[in-house]
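# Examination of the molecular architecture
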Amino acid sequence: MIEITCGQAWRLKHTLLPVGKMFFNRFQLLSAVCLMILMAFYFIDFSKYLGEPPNITPTTPERSHVSRSPVTRHLPLPGPCTCHQGSTILKDHLPKEQSEELKQRRAREFQQNKNRTTSVLARLLFALPNSPLQYPIQGYTVQPLTSTVIPALGLHAEKRNSYKVVLSVSKGILTTDIPHQDATVKGSGENKLIIESSNLVLLNNLLAKVSYTSTVYHINTGDLATLQFENHEAVFPIAIKQPQIPVLYDIGTDISSHVTITTKTFLRYRELKVLLDSIRKFYNNIKVIIADDSLEPEPIHRENILHYLMPPAQGWFAGRNLAVSQVTTKYFLWVDDDFVFTEKTKIEKLVEVMEANPELDVVGGAVEENQFYFTLIYEEGEENEGGCLYRMSQGKFHSLPGYPQCFLANGVVNFFLARTDAVQKVGFDPKLQRVAHSEFFMDGLGSLLVASCSHVSIGHQPKTADSQSSTYDKYRIPGENDEEFKLQLHFYKNNLKCIKYG
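A brief structural summary. (Residues numbered from 1 in each chain as written. Predicted model: local features only at pLDDT ≥ 70, side-chain atom pairs only at ≥ 80, totals over all residues. Heavy atoms only, no water.)

## Structural notes on the pattern of salt bridges
Summed over all chains, the structure comprises 17 salt bridges. With a closest N to O distance of 2.8 Å, Asp-277 and Arg-302 form a salt bridge. A residue pair is termed long-range when its members are at least 10 positions apart, and Asp-277 in helix 7 (residues 269-282) and Arg-302 in the loop between strand 16 (288-292) and strand 17 (305-309) qualify at 25 residues. Since its relative accessible area comes to 44%, Asp-277 is described here as partly exposed. (Salt bridge = Lys/Arg side-chain N within 4 Å of Asp/Glu carboxyl O. Helix = DSSP H or I, 4+ residues; strand = E, 2+ residues; numbered from the N terminus. Buried < 20%, exposed > 50% of the residue type's maximum accessible area, 1.4 Å probe, protein only.)

Here it is as structure tokens:
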């Protein structure tokens, strides 16, 4: 059936109208236009004006003689990323005499990291239409070195004298049952299996019993299987994963069995004692873990408080690592040593949010009604140049279902409840001694799901002068060397071209 739009017919009518007026009245003109349109479609190729006609190839797969090979491609490599205005170009902060060597070492390390983390399952697969092949497209997962039936393999074809199906893999072997006399199987126990039969039902029965076994032990990898019939071809993924043993926490019946409070202190015992007193005012039995790298440690003898002494001045993140490593509860609450608990410091409310959203890893609150949070805008960029990162303060995503006072972000303030095992996997880089907080969330981007809530807050002790203030400031306030070191670390460790702290 030939179709033409109203606009096309109208333009054609007005093209022919001057000629028609010379010979016909209106009624005759209308009849002539219709006739001339039909003649035009008969003699003139309008496809170059009206576009290609719709594909009216029969939907029965076997009637098509066009090759039906699937398209498999790797994701395109990222192009250069764009540094946000005001970003720091990190290569400019490398020691000039080491610059080229550092770039080369980083490139080699990045390739190793890419080989370790990139899977064949990341390849793009395109399913072409009109295929008689049936196969699993998602969810087929096998254990390494374990034979597993491939579900839903089948062929839906019209009547033929013979049917031949070829299945091949690259990281395993394929097997099926011993065939009936009306079927032949070649390659059982190899990486290419050929099944042929004059009986479609029998062939499908053999396909239904095909199993895949990986031949190399790997805890998390994949394979691509290719299924062929005549000129039709399909590719489907096989996920190869070692199941993980669950690690569960007995959350008991009270908040003390749910949460451990953790902090890091350095030369601030007066503030630390105020913090501990405020904790005990609201939570009598909850465990508190203190990591202490003071120059001259003072003993802390209180019930249910673990005081871990470190070598002097090891730094902020080293102390966090130590404290979190000793947590045995499902969650820990991180606080600074100069915070103070108030009536609004309701740990139970943060636990409620986490328990209602088990995919969450970190939930932050507010400090003195100041709810600091941020998002991280990251572009991968070219491999040799590196990526672009922008920390956007007060950036956020959408709210949590059922908790309008909470919303998702990428980082929060120093007062947060966290899932112990999730944070332990990311860790705190001990190279960062004085200039560090956002960097933990940068390392956890893509691994930690973070939220911020406004309905739970903690107080902050007023600053007071004491005899140790000058010594404390000497270690606490970062110098130019600390800032430069952090920028160099971002260049190499995070493979960044530029960074902006907004």
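Having seen the model, we can carry on.
## Examining the sheet that holds strand 14 (residues 232-241)
As summarised here, the arrangement of the six strands in space is 5-14-13-8-11-10, forming an open sheet in which the pairing is mixed. The two strands at the open ends of the sheet, each matched to only one other strand, are strand 5 (141-142) and strand 10 (183-186). Strand direction decides the pairing type here: strand 13 (residues 220-229) and strand 14, joined by 10 bridges, are antiparallel. Counted as the bridge partner of Thr-221 is Ile-240 from strand 14. Against the sheet, helix 5 (residues 200-207) touches strand 8 (163-168), strand 10 and strand 11 (192-197), its axis set at about 155° to strand 11. (Pairing = 2+ DSSP bridges. Contact = heavy atoms within 4.5 Å. Axes fitted to C-alpha atoms, helices over the stretch in contact; angles between N-to-C directions.)

## Quick notes on the environment of Pro-404
Within the secondary structure, Pro-404 sits in strand 24 (residues 403-409). Residue classification places Pro-404 among the exposed residues on the basis of a relative accessible area of 67%. Sequence spacing of Pro-404 and Ser-454 is 50 residues, and the spatial spacing of their C-alpha atoms is 9.5 Å.

## A closer look at the nonpolar core
Among the nonpolar cores identified, the biggest contains 38 residues, and Val-259, Ile-261, Leu-333, Val-335, Phe-341, Ile-347 and Phe-415 are the most heavily contacted of them. Those elements that provide at least two residues to this core are strand 15 (259-265), helix 7, strand 16, strand 18 (331-334), helix 9 (347-356), strand 20 (362-367), strand 24 and strand 27 (450-460). The next biggest cluster of nonpolar side chains, apart from the first, holds 36 residues, and it includes Met-310, Val-412, Met-442 and Leu-448. (Core = buried A, V, L, I, M, F, W, Y, C linked by side-chain atoms within 4.5 Å.)

## Notes on helix 5
Taken together, the buried positions of helix 5 are Leu-200, Leu-202, Leu-203, Leu-206 and Leu-207. For helix 5, the arc enclosing every buried residue in end-on projection is 160°, short of the 170-degree limit, so these residues lie on one face. Buried residues belonging to helix 5 abut strand 7 (154-155), strand 8, strand 10 and strand 11. Capping of helix 5 at its N-terminal end is provided by Asn-199; its side-chain oxygen lies 2.9 Å from the backbone amide nitrogen of Val-201. (Arc of directions from axis to C-beta. Polar contact = N/O pair within 3.5 Å; in protein donor to acceptor, adjacent residues only side chain to side chain.)

## Points about the state of the cysteines
Two cysteines, two sulfur atoms, one covalent bond between them: this is a disulfide. For the coordinates displayed, the defined rule picks out three disulfides. Disulfide partner of Cys-81: Cys-388, at an S-S distance of 2.0 Å. Disulfide Cys-81-Cys-388: torsion about the S-S bond near 75°, hence right-handed. Here Cys-388 lies in strand 22 (residues 387-393) and Cys-81 lies in the loop between strand 1 (71-73) and strand 2 (88-89), a separation of 307 residues in the sequence. Here the disulfide map of the chain reads 1-3, 2-6, 4-5, the bonded cysteines being numbered as they appear in the sequence. (Disulfide = S-S within 2.5 Å.)

## Brief notes about the sheet that holds strand 6 (residues 148-149)
Strand order in the open sheet formed by three strands is 6-12-9, and the pairing between neighbours is antiparallel. Sheet topology places strand 6 and strand 9 (172-175) at the edges, where each strand pairs with a single neighbour.

## Focus: empty space enclosed by the protein
For the structure shown, the criterion picks out one cavity of 30 Å³ or more. A volume near 40 Å³ is recorded for the largest cavity. Lining of the largest cavity is provided by Leu-432, Glu-439, Asp-443, Leu-489, His-490, Lys-493 and Asn-494. Among the residues making up the lining of the largest cavity, the classes are represented as two nonpolar, two polar and three charged. (1 Å grid on protein atoms, 1.4 Å probe; cavity = no way out; pocket = protein on both sides within 12 Å on 5 of 7 lines; lining within 4 Å. Points joined across faces, edges and corners; volume = space filled by probe spheres on them. Nonpolar A, V, L, I, M, F, W, Y, C, P; charged D, E, K, R; others polar.)

## Overview of the packing of aromatic side chains
Following the criterion strictly, the structure yields 12 aromatic pairs and no others. Note on Phe-266 and Tyr-472: the rings are 6.3 Å apart at their centroids and 35° apart in plane angle, and the pair reads as tilted. Of this pair, Phe-266 sits in the loop between strand 15 and helix 7 while Tyr-472 is found in helix 12 (residues 469-476), placing the two residues 206 residues apart along the sequence. You'll find Phe-266 and Tyr-472 in the same group, each marked buried. Centre to centre, the rings of Phe-416 and Phe-441 are 6.1 Å apart; their planes meet at 75°, and the pair counts as edge-to-face. In this pair, Phe-416 sits in strand 26 (residues 416-419) while Phe-441 sits in helix 11 (residues 438-443), placing the two residues 25 residues apart along the sequence. Owing to a relative accessible area of 0%, Phe-416 belongs among the buried residues under this scheme. Through a chain of ring-to-ring contacts, three or more aromatic side chains come together here, namely Phe-317, Phe-332, Phe-372, Phe-374, Phe-416, Phe-428, Phe-440 and Phe-441. Directly above the aromatic system of Phe-374 lies the positively charged group of Arg-391, at a separation of 5.6 Å from the ring centroid. (Phe/Tyr/Trp six-rings, centres within 6.5 Å; stacked < 30°, edge-to-face > 60°. Lys NZ or Arg CZ within 6 Å of the ring centre and 35° of its normal.)

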